[in-house]
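Chain and residue survey
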Amino acid sequence: MNIVVLVKQVPDTESERRLVPGSGTLDRAAADGVINELDEFAIEEGLRIAEAHGGEVTILSVGPARAAESIRKALSMGANKAVHVLDDEIAGSDALATSAVIAAALGQVGFDLVIAGAESTDARTGVVPAMLAERLGVPQLTQASKVDIDGSSVTVRRMSDDGYDVITASLPAVISVLEKINEPRYPSFKGIMAAKKKPVQTLALADLGVSAESAGAGGSATEVTDFAARPPRAAGVVVKDEGDGGAKVAGFLAERKFI
Ligand SMILES: Cc1cc2nc3c(=O)[nH]c(=O)nc-3n(C[C@H](O)[C@H](O)[C@H](O)COP(=O)(O)OP(=O)(O)OC[C@H]3O[C@@H](n4cnc5c(N)ncnc54)[C@H](O)[C@@H]3O)c2cc1C
């Protein structure tokens, strides 16, 4: 099986994230870059499927030069090789433009199964997997909490309000995964050393036959026109219990129509 796992480098959620005035894009240099949380589960799922059904795991990442760190981390978990789409023209791409670049790369790399995280921790649009399936003309099975491969079909379990749905589609397909689908393995020392020698192919837009006009801010359907910092959290209300604490709390909640 040819399994491609999508890995996005995102700002570490522990660090302060800033938007660049004027462009409204994220100041990625201002924070440490880490593998998007759900993509670690996607990598683990890809490795488990390859171990169970044979085949190779390729990491595919669209990002600036420093995304190479996250690609190496993914390779050290056990993936076989990687593709890094790196081009200054991609900066400022929205989800639509990003999906066009990823779809072009997938067309070149080839795949039986694409595994993505259900969403990123920085933008959280959660639409890229669906956009990819549409562009590639293949089925998509999203927000999987369990994945099974049976010959040329893939079946996922997706949590729903009433329990879960079981959905099956024929390969090739795009799936996205949720946390708790598995327990991502930690890279071993042997894995970290081996990752240094694993092939990483670096591709620019021209290598993918994607014009610069269809990427970046120019190729995007959305534009960040303005942004404002979140207001500082207001100080909480302290309720002094002089035997009437319960009533005061109830009054506080009723006033705010919580009850
Ligand atoms: C604060 C902020 C807000 C934004 N708001 C919007 C918006 O409202 N609309 C919009 O169109 N764009 C928006 N963007 C831009 C958007 O983040 C990028 O285009 C991004 O690459 C794709 O969107 P996403 O991260 O939300 O993807 P999601 O759909 O949330 O990502 C799902 C999965 O797709 C894969 N994936 C996503 N991006 C990449 C990548 N670059 N390389 C490899 N795999 C990837 C990963 O597996 C990821 O887990 C925003 C960016 C920021 C920083």
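Residues numbered from 1 in each chain as written. Predicted model: local features only at pLDDT ≥ 70, side-chain atom pairs only at ≥ 80, totals over all residues. Heavy atoms only, no water.

With that settled, consider the overall build of the protein. If you tally the helices and strands in the protein, you get seven helices and 11 strands. The principal-axis extents of the C-alpha atoms in the protein amount to approximately 70 × 45 × 40 Å. Burial status across the protein gives 40% buried among its 259 residues. Contacts in the protein between residues far apart in sequence, at least 24 positions, make up 71% of those at least 6 positions apart. In the form shown here, the protein has an accessible surface area of approximately 14,100 Å², with 53% of it arising from carbon and sulfur atoms. Charge-centre separation for the protein: the mean point of 26 positive side chains lies 5 Å from the mean point of 36 negative side chains. (Helix = DSSP H or I, 4+ residues; strand = E, 2+ residues; numbered from the N terminus. Buried < 20%, exposed > 50% of the residue type's maximum accessible area, 1.4 Å probe, protein only. Contact = heavy atoms within 4.5 Å. Areas by Shrake-Rupley, 256 points an atom, 1.4 Å probe, with all protein chains shown as cover. Lys, Arg positive; Asp, Glu negative; His and termini not counted. Charge placed at Lys NZ, Arg CZ, Asp CG, Glu CD.)

Moving on, we get to the packing of aromatic side chains. According to the stated counting rule, one finds zero aromatic pairs in the structure shown. A cation sits over an aromatic face here: Arg 157 above Tyr 164, 4.0 Å from the ring centre. (Phe/Tyr/Trp six-rings, centres within 6.5 Å; stacked < 30°, edge-to-face > 60°. Lys NZ or Arg CZ within 6 Å of the ring centre and 35° of its normal.)

So, on to the site of the ligand. Neighbouring the ligand are 27 residues, the closest being Lys 8, Asp 39, Ser 120, Thr 125 and Gly 126. Between the ligand and the protein, one listed contact pairs an oxygen atom with a side-chain N or O atom of Thr 98 at 3.0 Å. Within the contact set of the ligand, an oxygen atom lies 2.8 Å away from a backbone nitrogen or oxygen of Gly 126. Secondary-structure elements contributing two or more residues to the shell around the ligand are β4 (56–62), α3 (95–109), β6 (113–117) and α4 (128–136). Residue composition of the shell around the ligand, by class: 12 nonpolar, nine polar and six charged. (Near = heavy atom within 4 Å. Polar contact = N/O pair within 3.5 Å; in protein donor to acceptor, adjacent residues only side chain to side chain. Nonpolar A, V, L, I, M, F, W, Y, C, P; charged D, E, K, R; others polar.)

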